[in-house]
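The lines below spell out each chain.
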Amino acid sequence: MTIWADSREKERAIKQILKQFDDAGVKWFVSKLPVGDYMNLDNPKVIIDRKQNLLELCNNVCQDHKRFSAELERAKEYGIHLIVLVEHGHGIESLQDVLHWVNPRLKQSPMAVSGERLFKILWAMQNNTERYSVEFQFCDKRETGQRIIELLGGNQNG
């Protein structure tokens, strides 16, 4: 397996991910991807878009909705299934868990997006298969590299 990592990923953020690739014997290289952040060269029809937490994802689907949905539409147009992998941890292991997420921004603004509202937006995107081919997956930051390998078709032994 060889993984193509997007060059726009911050080096500090992906250092641990690349180490996990190395530890698993997975080859990788860095260059600009047209969509998302990680792709297996053996299966370019599945791409991972990594998000550091639910706040980043919330910002993408709310404040940057037009740009984010355009990226999802572009992926669908290219025949790519996009997996948005959110490194949130703290009990968020599935889309259903987002329902119970308490957005820390609610303390400053009662107009901030609640977990329930974010869940509804993500659920609608994931289930709008006419417009998008996207699914939302969740993991802890400590396991991101391994989850990327698994989601892109690799296994625990490389």
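As shown above, the structure is provided for reference.
Predicted model, so just to flag it, every value in this text is computed and none were measured. (Residues numbered from 1 in each chain as written. Predicted model: local features only at pLDDT ≥ 70, side-chain atom pairs only at ≥ 80, totals over all residues. Heavy atoms only, no water.)

A.B. asks: I keep staring at the overall build of the protein chain and nothing clicks. Help me out?
C.D. replies: A tally of helices and strands in the protein chain yields five helices and six strands. Start at the N end of the protein chain and walk to the C end: the helices and strands fall as β-α-β-β-β-α-α-β-α-β-α. In summary, the protein chain has a C-alpha radius of gyration of 15 Å against a globular reference of 15 Å for 158 residues, a match within 12%. The principal-axis extent of the C-alpha atoms belonging to the protein chain is close to 45 × 35 × 25 Å. For the protein chain, the residues scored as buried account for 45% of the 158 residues in total. Across the protein chain, the fraction of contacts at a sequence separation of at least 24, relative to all contacts at a separation of at least 6, is 73%. Split by element, the accessible area of the protein chain, about 8,700 Å² in all, is 49% carbon and sulfur. Side-chain charges of the protein chain comprise 22 positive and 22 negative groups, with the mean position of each set lying 5 Å from the other. (Helix = DSSP H or I, 4+ residues; strand = E, 2+ residues; numbered from the N terminus. Rg over C-alpha atoms; globule rule 2.2 N^0.38 Å. Buried < 20%, exposed > 50% of the residue type's maximum accessible area, 1.4 Å probe, protein only. Contact = heavy atoms within 4.5 Å. Areas by Shrake-Rupley, 256 points an atom, 1.4 Å probe, with all protein chains shown as cover. Lys, Arg positive; Asp, Glu negative; His and termini not counted. Charge placed at Lys NZ, Arg CZ, Asp CG, Glu CD.)

A.B. asks: Help me understand the pattern of salt bridges in this model?
C.D. replies: Should their charged atoms come close, side chains of opposite charge can pair. With the rule as written, the count across this model stands at eleven salt bridges. Glu71 is the salt-bridge partner of Arg67, the closest N and O atoms lying 3.8 Å from each other. Taken as a pair, Arg67 and Glu71 lie in helix α3 (residues 65-77) at a separation of four residues, close to a single helical turn. Judged by its relative accessible area of 11%, Glu71 falls in the buried class. (Salt bridge = Lys/Arg side-chain N within 4 Å of Asp/Glu carboxyl O.)

A.B. asks: Can you walk me through helix α5 (residues 144-151) in this structure?
C.D. replies: An α-helix turns once per 3.6 residues; consequently, residues spaced three or four apart project the same way. The element α5 is extensively covered by neighbouring structure, given that seven of its eight residues are classed as buried. Turning to α5, its buried residues are Thr144, Gly145, Gln146, Arg147, Ile148, Ile149 and Leu151. Where α5 is buried, its residues touch β1 (2-6), α1 (11-23), β3 (38-40), β4 (43-51), β5 (81-86) and β6 (134-138).

A.B. asks: Which parts of the structure should I look at to understand the state of the cysteines?
C.D. replies: Cysteine pairs can be covalently joined through their sulfur atoms, and such a bond is termed a disulfide. Scanning all chains against the criterion turns up zero disulfides. Looking at Cys58, it has no disulfide partner, and the nearest cysteine sulfur is the one in Cys62, 4.2 Å off. Judged by its relative accessible area of 24%, Cys62 is partly exposed. (Disulfide = S-S within 2.5 Å.)

A.B. asks: Just checking my understanding: could you explain the nonpolar core for this structure?
C.D. replies: Nonpolar side chains tend to gather and get buried jointly when the protein is soluble and globular. Ranked by internal contacts, the top residues of the largest apolar core, which has 30 residues, are Leu54, Leu57, Leu118, Met125 and Phe136. Contributing elements (two or more residues each) for this core: α2 (54-61), α3, β5, α4 (115-127) and β6. The biggest single contributor to this core is α4, with five residues. One finds Ala5, Ile17, Val46 and Ile83 within the second-largest nonpolar core, a separate group that totals 18 residues. (Core = buried A, V, L, I, M, F, W, Y, C linked by side-chain atoms within 4.5 Å.)

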